[in-house]
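A look at the structure
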Amino acid sequence: MTREETILKLIVEHFIKTAQPVGSQTLLEEYHLPYSSATIRAEMNALEKQGFLEKTHTSSGRVPSGAGYTYYVERLREDSVDEEVKYALQSILDEKSKSVEEVMKESCEILSHMTNLASVVLGPKAEEEHLLSVQVIPLNEKTATAVFVTDRGYVENKTFILDEGLSIEDVTKTVVLLNDRLKGTSISDLVPKMEAMKPALKDYIVGHDMVYQAILRAFVRFAGERIKLYGKNNLFETPEFTEDAKKLKRVLELVDDPEAMRRALAASTKTGDEGVNVSIGDAESGLEDVAILSAEVKLPGEKKTAISLLGPTRMDYERAMGLLDYVSKTLDQYFNESERKGDSECQKKKPEQKKQRKSSPKKK
């Protein structure tokens, strides 16, 4: 590592810890560098001219720029994974009764807790997921729950409190009709298809409009919920966001919009040999103070799903990238091993089944 790189590395890491601009005197006192103050200032000036550092208006110190963070991430950092994280994740995976959703949720909660960042799981695109069924479950004479299930295992439900004159049978008839017409429809097309078919069903759903409207509203929410956020409170405790309402608003809008999140992830670049992609300070999207780290995990029966860590550009990249890389690879291995075991069991059974069919005629 060159002298210039050493100084850049220390400035980035000190600023991550303190959120305070870094001057030459701070570097000398904190890190006991074997250089003079004049030499350090000269290197800092050179780094500023190259675009790796920026000078603040409030002091003579420097702060890393987006380019400085990127250079640090690509060439200067060293990843670390705490044993505490490994133990916590293994404890989750050892409980074989947990569902895929529970494993993902608890793993993301660990990531958020250990990094003080928000973690995001981005589900499949609405057009890639289809309605499998709508079912009605009576709770009592005046209440029923409609359950919607997709071919990706996503479940949504809506509970109805029935008006006078409307029975469970009425609800069931309406839902059965919608089920027949909508089964196999992509989630993104559910709402427009329901709205388009309403005139044709006008005579049938007279008096049942409450059921129709309730299901329509559920489908609107159903189509929009393609993103899960954990550690949201960490965003409210970040000085960069809490001291600037507009920045916080942009971040919250990002994590509420699956398509915006997809665009942000598409703009990220892979760093080193890890499976982690990085996006630091996307000014075009108004997210110049936001960094996003993402890695992919292949869930059973699905395409790869992105797990992301989101926070300020002043995040601890060494820790965050090391943990995200470890968690994503561990989960990917865990889920794929489960699938391979399932396939192996099926293959073991097939020869036995063939053998039984061949021996059947002999028994006769």
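Our subject in this report is the structure included herewith. In this text the structure is predicted, and so the values were computed from the model without any measurement.

The next subject is the overall build of the protein. The number of helices and strands found in the protein is 14 helices and eleven strands. Every one of the 364 residues in the protein was classed for burial, and the buried ones make up 46%. About 19500 Å² of surface is accessible on the protein, with carbon and sulfur atoms providing 49% of the total.

Ordered by their spatial adjacency, three strands build an open sheet running β4-β5-β6, and the pairing between neighbours is antiparallel. Looking at strand neighbours, the two that pair on one side only are β4 (131-140) and β6 (155-161), the edges of this open sheet. Taken pair by pair, the neighbouring strands of this sheet meet at an average axis angle of 20°, ignoring direction. The pairing of β4 with strand β5 (residues 143-150) spans eight bridges and is antiparallel. Note on β5: the bridge partner recorded for I137 is T145. Lying on the sheet, helix α7 (residues 168-182) is in contact with β4 and β5; it crosses β4 at an angle near 175°.

On to helix α2 (residues 24-31). Three or more residues of α2 are buried, namely S24, L27 and L28. The arc that holds the buried residues of α2, viewed along the axis, is 95°, so those residues lie on one side. Packed against the buried residues of α2 are α1 (3-18) and α3 (37-49). Looking at the residues trailing α2, positive phi occurs at H32, about 50°.

What follows concerns unusual backbone geometry. Of all residues except glycine, most have a negative phi; of all peptide bonds, most are trans. Unlike most non-glycine residues, A19 shows phi in positive territory, near 60°. Checked against the element boundaries, A19 lands in the loop between α1 and α2. We classify A19 as partly exposed; its relative accessible area is 30%. Even without a glycine there, the phi angle at H32 is positive, about 50°. Relative to the helices and strands, H32 is located in the loop between α2 and α3. The exposure class of H32 is exposed, given its relative accessible area of 65%.

Following the sequence through the fold, S119 ends up in strand β3 (residues 118-122). Of note is the side chain of S119, whose polar atom sits 2.8 Å from the side chain of S112. Discounting chain neighbours no more than four positions away, the residues touching S119 are C108, S112, K228, L229, Y230, S308 and L309.

It is the contact of α2 with α3, at a shortest axis distance of 9 Å, that shows an interaxial angle of 120°. Taken as axis vectors, α2 and α3 run oblique relative to one another. The hand of the α2/α3 crossing is right-handed. Contact residues: α2 offers S24, Q25, L27 and L28, while α3 offers S37, I40, R41 and M44. Partitioning the contact of α2 with α3 into residue classes produces four nonpolar, three polar and one charged.

Parameters at a glance
Residues numbered from 1 in each chain as written. Predicted model: local features only at pLDDT ≥ 70, side-chain atom pairs only at ≥ 80, totals over all residues. Heavy atoms only, no water. Helix = DSSP H or I, 4+ residues; strand = E, 2+ residues; numbered from the N terminus. Buried < 20%, exposed > 50% of the residue type's maximum accessible area, 1.4 Å probe, protein only. Areas by Shrake-Rupley, 256 points an atom, 1.4 Å probe, with all protein chains shown as cover. Pairing = 2+ DSSP bridges. Axes fitted to C-alpha atoms, helices over the stretch in contact; angles between N-to-C directions. Contact = heavy atoms within 4.5 Å. Arc of directions from axis to C-beta. Polar contact = N/O pair within 3.5 Å; in protein donor to acceptor, adjacent residues only side chain to side chain. Parallel < 35°, antiparallel > 145°, perpendicular 65-115°, else oblique. Left-handed = near helix turned anticlockwise from the far one by under 90°. Nonpolar A, V, L, I, M, F, W, Y, C, P; charged D, E, K, R; others polar.

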